[in-house]
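Analysis of the macromolecular model
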Amino acid sequence: MTHRDRFEAVYDAYYPAIHQYAARRTSSPDDTADVISETFLTAWRRIGEVPEGERALLWLYGVARRVLANQHRGASRRAVLAERLRDEMAADRPTTPVDLEHVRTAFEQLPERDREVLALASWEELTSEQIAKVVGCTAIAARTRLHRARKRLAATLERQPSLTIVMGKA
């Protein structure tokens, strides 16, 4: 019997049991599928170590148990990292002064294409040449888009009561 034949026999015999084992211990079908695939991938790689008969099922349960433990540890690490990043981002987030809320409102009224070039120029401080690389156009086209976006933003702001806005250059 080849390694492939041996693996297929183990897979066919014990897939339902490993599926049920994983499904009862995970919260989503995707997690269940991940446990099953990792378990049988380990069995494929170590087919020479898989015991014969019923002991193979116990061996697979042990592998699945370790896969689940790794999954839980990874989820815990990701949750801690996500929380830390949220805290850091909240601390770094600039506060919007109340008197600039009209600028945010005007900015949000612009088309996405205008908002993108304005954000790249103002927030990321990119030049027209750099913006061109990001959005996939020529430097002249980026400069034109930026100029038109600034004009549309200025026009939107002018429709609001007595505001003077100085537009930067890129």
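Presented here is a report on the structure given in the accompanying data block. (Residues numbered from 1 in each chain as written. Predicted model: local features only at pLDDT ≥ 70, side-chain atom pairs only at ≥ 80, totals over all residues. Heavy atoms only, no water.)

Turning next to the pattern of salt bridges. Scanning all chains against the criterion turns up eight salt bridges. Here R86 makes a salt bridge to E83, at a shortest N to O gap of 3.0 Å. Placement of both R86 and E83 in helix α3 (residues 55-92) is noted, with a separation of three residues, approximately one turn of the helix. R115 serves as the salt-bridge partner of E112, at 2.6 Å between the closest nitrogen and oxygen. Here R115 and E112 lie together in helix α5 (residues 112-122), a separation of three residues that amounts to about one turn. (Salt bridge = Lys/Arg side-chain N within 4 Å of Asp/Glu carboxyl O. Helix = DSSP H or I, 4+ residues; strand = E, 2+ residues; numbered from the N terminus.)

Looking now at the nonpolar core. Counting residues in hydrophobic clusters, the biggest one holds 20 residues, and the most contacted among them are F40, A43, V50 and L60. The set of elements that each furnish at least two residues to this core consists of α1 (3-23), α2 (29-45) and α3. Examining the composition of this core, we find that eight residues originate from one element, α3, more than from any other. Apart from the residues within four sequence positions on either side, A43 is in contact with F7, V50, W59 and L60. (Core = buried A, V, L, I, M, F, W, Y, C linked by side-chain atoms within 4.5 Å. Buried < 20%, exposed > 50% of the residue type's maximum accessible area, 1.4 Å probe, protein only. Contact = heavy atoms within 4.5 Å.)

This next bit is on unusual backbone geometry. The phi angle at E125 is positive, at roughly 55°, despite the residue not being glycine. You can see E125 is positioned in the loop between α5 and α6 (128-135). By relative accessible area, E125 is classed as exposed at 66%.

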